[in-house]
Amino acid sequence: MPGDPTQPSFDFGPELAGDRRRDPVPTVPPRPGAGRRRSPTGRASGTLRTPAVTSEVSSPVPDRPVRVVRVRPDVAGLDKCFDYLVPSELHGDVRVGSMVRISLHNRRVGGWVVAVGVEPPEGVALHPLAKVTGWGPPPELIEMADWAAWRWSGRVASLLRTASPETAVRGLPRSSARASMPTTVAVGDLTAMAEEALALPMSVLRLPPASDLYPVLVAAAALGPVLVIGPSARSMRHLGLRLRRAGGSVALMPRDWAVARGGAATVVGTRAAAWAPIPRPAAIVVLDEHDESLQQEQNPTWHARDVALERARRAGVPCVLVSPTPSLEALAAGPVLAPSRRVERAGWPRVDVIDTRELAASEARYSPRLVDVLRSDARVLCVLNRKGRSRLLSCAACGELAACERCQAAVSQDDDGSLRCARCGAVRPQVCLRCGGTRMKNLRAGVSRAREELEALAKRPVVELTADTEVDPSGVGSAVVVGTEAALHQLDAVDVVAFLDLDQELLAPRYRAAEEALSLIVRAARLVGGRDGHGRLLLQTRLPDHEVVRAAVLADPDRVATAELARRRLLAYPPVTALAVVSGPSAPLFVAGLVPPSGVEVLGPSDGSWLVRAPDSSTLADTLAAAPRPAGRLRIEVDPQRL
DNA sequence: CGGACAAGCTGA
DNA sequence: CAGCTTGTCCGG
């Protein structure tokens, strides 16, 4: 296939050829809007003399080739840029974003060209670049990395690494195919909605769990080379391949980095694809925007949604956040488009709520309704978010809770029956510390224990599926599956998902518990399908009127959003405010250097960490950036998912 | 981060 | 005081 971008003929792409022909200075015109928001401040500047850079770049002198470039080294713990000479034979290969090797302090290290045509500082002997490794992120992403480092109080280099190819890219594939779709399948209402969303600068598209998102992808791809991000690698790959099969030019990240950098493909990928090197996206779409895996766990804790929003804003292109249950952050960012109530309801499954308060104690854990389902031939997944045999025990004789003799934390039961403390790791035999009794009552069964009990009730095999069990999900066959939420990721489709103890999710001591619980229900809903199928969710709870339960029953995620926003206002939690958790050995020193402006509070320490609360993320970032960074280990978690 | 170099410690 | 450890500084 001649135009297939996945089988490319590699050469130096049109961009490079053009540079050679027209102008030896492959400069990037400074975008007038780049400084609109408060610019990423200070730490990165080092010897930067910005005015000189700007004037150089905006009025390139043709007969003065690139002689000096500014390079950001890929060295952890060094947040500074340095200037280097470009040997004349490398002029054509060096542009903003290029990956190079430099000698720094007698070491060879990698780095990125962040500016060209730099006025070198006086009195410093410049070294030449050691090597041009290959293509790197486009200039917009070099700027985005500065912004994100400021926004999440992190290191620029770590973000540039995310935006860079895994192996050196010497040339870009010649791409003759156009990125847009040659043919469009008739897909009805969803296409119209997606087009409506794409006509707005920013919008939230609330589509129920059972929706096929392919029409959204097609509608976006019709605009040109777009960037589409979602949490699950499998489903993003699937969507991308569908588009490719229909004739679209598709780059699957991270594998097709070079194709994406070529700029003529629809770019599809997971979280890191928010940094895909597509030079001029026509739009950015984030699927399942509510999913917490779109946020990076390690520092800097950037969120793909926020990166996408900022990228789109800077490029002046539409950004669409798609989710069955948009986060409060998304709802705060723009208008919501949703299908009719009829259509939205059809895309959520039927939900049976079992009020366990009304059941006899013996039936509360496994309700008669659940037992009926277990004894049918339906494919059933039981979700219980507790691993092991038991998480909370009490003495059968005296009722004393089983606690750790060393640190008093609640202990849980190992598979061999001994009691283990999750906090300090102490292990002791199953003996009551108060009365010496040796029989324990399970107050909360873990998955292993539940498996045994369910098998007795179901009268058919029950298999356990957690993040660390080695069961091939396809080999489960007709067995009932019991597992933690990991099972919701591993299985493809079932008839019934039963939450054995939804209250554990609803009452979890985390400020996002309600959103997280609804997110789990959405996952479950995807496994059982929409209302028109025969799939069902079964929720065992003592809180049948909780807004999460009501939202699932009524297919109305807005109930959670409304209740949750009121709570966040009351407690001054995000997105009403912006938070950062500061911890680590150097935290006391860092916190001492903070100068909180009015409206910013520093709370703590509690367990060795501080909480910084600001009215908005921009103020938070400015406050954190203004404090000196002490040496030593320091963790600054901006936008923590948990507190 | 990690190399360079200086200051501090140890043992004969 | 050689030989080593530990700490601080700085990179173009």
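The rules behind the values
Residues numbered from 1 in each chain as written. Chains lettered and ligands numbered in written order. Predicted model: local features only at pLDDT ≥ 70, side-chain atom pairs only at ≥ 80, totals over all residues. Heavy atoms only, no water. Near = heavy atom within 4 Å. Polar contact = N/O pair within 3.5 Å; in protein donor to acceptor, adjacent residues only side chain to side chain. Nonpolar A, V, L, I, M, F, W, Y, C, P; charged D, E, K, R; others polar. Domains from an automatic or database assignment. Contact = heavy atoms within 4.5 Å. Buried area = accessible area lost by both parts, 1.4 Å probe. Salt bridge = Lys/Arg side-chain N within 4 Å of Asp/Glu carboxyl O. Axes fitted to C-alpha atoms, helices over the stretch in contact; angles between N-to-C directions. Helix = DSSP H or I, 4+ residues; strand = E, 2+ residues; numbered from the N terminus. Parallel < 35°, antiparallel > 145°, perpendicular 65-115°, else oblique. Left-handed = near helix turned anticlockwise from the far one by under 90°. Buried < 20%, exposed > 50% of the residue type's maximum accessible area, 1.4 Å probe, protein only. Pairing = 2+ DSSP bridges. Patch = residues over 30% accessible without salt bridge, like charges linked within 9 Å, V, L, I, M, F, W, Y side chains within 5 Å. Areas by Shrake-Rupley, 256 points an atom, 1.4 Å probe, with all protein chains shown as cover. Lys, Arg positive; Asp, Glu negative; His and termini not counted. Charge placed at Lys NZ, Arg CZ, Asp CG, Glu CD. Disulfide = S-S within 2.5 Å. Phe/Tyr/Trp six-rings, centres within 6.5 Å; stacked < 30°, edge-to-face > 60°. Lys NZ or Arg CZ within 6 Å of the ring centre and 35° of its normal.

Participant: Any chance you could explain the protein's contact with DNA strand B here in plain terms?
Facilitator: Around DNA strand B, a shell composed of Val-75, Ala-76, Gly-77, His-105, Asn-106 and Arg-107 is seen. Considering the 4 Å shell around the protein, atoms of DNA strand B inside it are sugar or phosphate in 53% of instances. At 3.4 Å from a base nitrogen of DNA strand B is found a main-chain nitrogen or oxygen belonging to Gly-77. At a separation of 3.4 Å, a base nitrogen of DNA strand B approaches a polar side-chain atom of His-105. Across the surface near DNA strand B, the residue classes break down as two nonpolar, three polar and one charged.

Participant: I'm lost on the domain arrangement of chain A in this one. Help?
Facilitator: Size of an interface, as often reported, equals the accessible area lost when the parts are brought together. Each assigned domain of chain A is listed here: domain 1 (13-163), domain 2 (189-338), domain 3 (347-388 + 446-568) and domain 4 (577-638). On a C-alpha basis, the centres of domain 2 and domain 4 stand 32 Å from each other. Taken together, the contact pairs five residues of domain 2 with four residues of domain 4. The largest per-residue losses of area from domain 2 upon contact with domain 4 belong to Glu-297, Asn-299 and Thr-301, which jointly make up 92% of the total buried on that side. Counting every contact that joins domain 2 to domain 4 gives zero salt bridges.

Participant: When you look at the packing of helix H16 (residues 513-528) against helix H18 (residues 558-571) in this model, what are you seeing that I'm missing?
Facilitator: When two helices pack together, their arrangement is given by the angle between their axes and by how far apart the axes lie. Running from amino to carboxyl end, H16 crosses H18 at an angle of 160°, the nearest separation of the two axes being 10 Å. Taken together, the axes of H16 and H18 lie roughly antiparallel to each other. H18 is crossed by H16, and the crossing has left-handed handedness. Between H16, through Ala-514, Glu-515 and Leu-518, and H18, the contact on the second element is made entirely by Val-560, Glu-564, Arg-567 and Arg-568. Here the residues of the contact of H16 with H18 sort into three nonpolar, no polar and four charged.

Participant: Looking at this structure, how should I read the side chain of Ser-367?
Facilitator: Inspection of the secondary structure puts Ser-367 in the loop between strand E16 (350-355) and helix H12 (368-375). In this structure Ser-367 comes out as buried when scored by relative accessible area, which is 1%.

Participant: I tried to follow the pairing of strand E26 (residues 536-541) on my own but got confused; where do I start?
Facilitator: Across the six residues of E26, five count as buried, placing the element largely inside the fold. Summarising the sheet, E16 and E26 pair through six bridges and their orientation is parallel. By the bridge assignment, Val-351 is partnered in E26 with Leu-537. Pairing between strand E25 (residues 496-499) and E26: four bridges, direction parallel. Note on E26: the bridge partner recorded for Val-497 is Leu-537.

Participant: Help me understand the sheet that holds strand E14 (residues 319-323), please; the structure alone is not making it clear to me.
Facilitator: In a beta sheet, neighbouring strands pair by backbone hydrogen bonds and run either parallel or antiparallel. The strand order across the open sheet formed by seven strands is E11-E12-E10-E13-E14-E9-E15, and the pairing between neighbours is parallel. Edge positions in the sheet fall to strand E11 (250-252) and strand E15 (336-337), since each of these pairs with one other strand and no more. Each of strand E9 (202-206), strand E13 (284-287), E14 and E15 touches helix H5 (residues 189-198); the most contacted strand, E9, lies at about 155° to it.

Participant: Would you mind showing me how to read the sheet that holds strand E6 (residues 127-128) here?
Facilitator: The strand order E6-E3-E2-E5-E4-E7 describes an open sheet built from six strands, whose pairing is mixed. Bordering the open sheet on either side are E6 and strand E7 (131-134), each of which pairs with just one other strand.

Participant: When you look at the environment of Cys-424 in this model, what are you seeing that I'm missing?
Facilitator: Along the polypeptide, Cys-424 turns up in the loop between strand E20 (419-421) and strand E21 (427-428). The spatial distance from the C-alpha of Cys-424 to the C-alpha of Arg-406 is 8.0 Å, given a sequence separation of 18 residues. Discounting chain neighbours no more than four positions away, the residues touching Cys-424 are Cys-404, Arg-406 and Cys-407.

Participant: Explanation requested: a positive patch on the surface in the structure shown.
Facilitator: A cluster of like positive charges, contributed by Arg-101, Arg-108, Lys-131 and Arg-170, occupies part of the molecular surface. Here Arg-170 shows up in the loop between helix H4 (156-162) and strand E8 (172-173). Residue classification places Arg-170 among the partly exposed residues on the basis of a relative accessible area of 43%.

Participant: Please explain the pattern of salt bridges as it appears in this structure.
Facilitator: Pairs may arise between side chains of opposite charge once their charged atoms sit close together. According to the stated counting rule, one finds 38 salt bridges in the structure shown. For Glu-289, the salt bridge identified is with Arg-305, shortest N-O distance 2.8 Å. One end of the pair, Glu-289, is in the loop between E13 and helix H9 (304-315); the other, Arg-305, is in helix H9, and 16 residues separate them in sequence. Here the two residues Glu-289 and Arg-305 agree in accessibility, since each one is buried. Where Glu-516 meets Arg-510, a salt bridge forms, and the shortest distance between an N and an O atom there is 2.8 Å. Judged by its relative accessible area of 26%, Arg-510 falls in the partly exposed class. A network of salt bridges, in which partner residues are shared, links Glu-329, Arg-512, Glu-515, Glu-547, Glu-564, Arg-567 and Arg-568.

Participant: It is not clear to me how the state of the cysteines should be interpreted in this structure. Could you clarify?
Facilitator: Such a bond, covalent and formed between the sulfur atoms of two cysteines, is termed a disulfide. The tally for this structure, following the rule as stated, stands at zero disulfides. Here Cys-435 stays free of any disulfide, with the sulfur of Cys-395 as its closest cysteine sulfur at 3.5 Å.

Participant: Can you walk me through the packing of aromatic side chains in this structure?
Facilitator: Here the distance between the centres and the angle between the planes together describe a pair of aromatic rings. Applying the stated criterion across every chain yields a total of three aromatic pairs. For the ring pair Trp-147 and Trp-152, a centre distance of 5.5 Å and an interplane angle of 90° mean the geometry is edge-to-face. Like Trp-152, Trp-147 is buried. Above the ring of Trp-135, the side-chain terminus of Arg-95 is found at 4.6 Å from the ring centroid.

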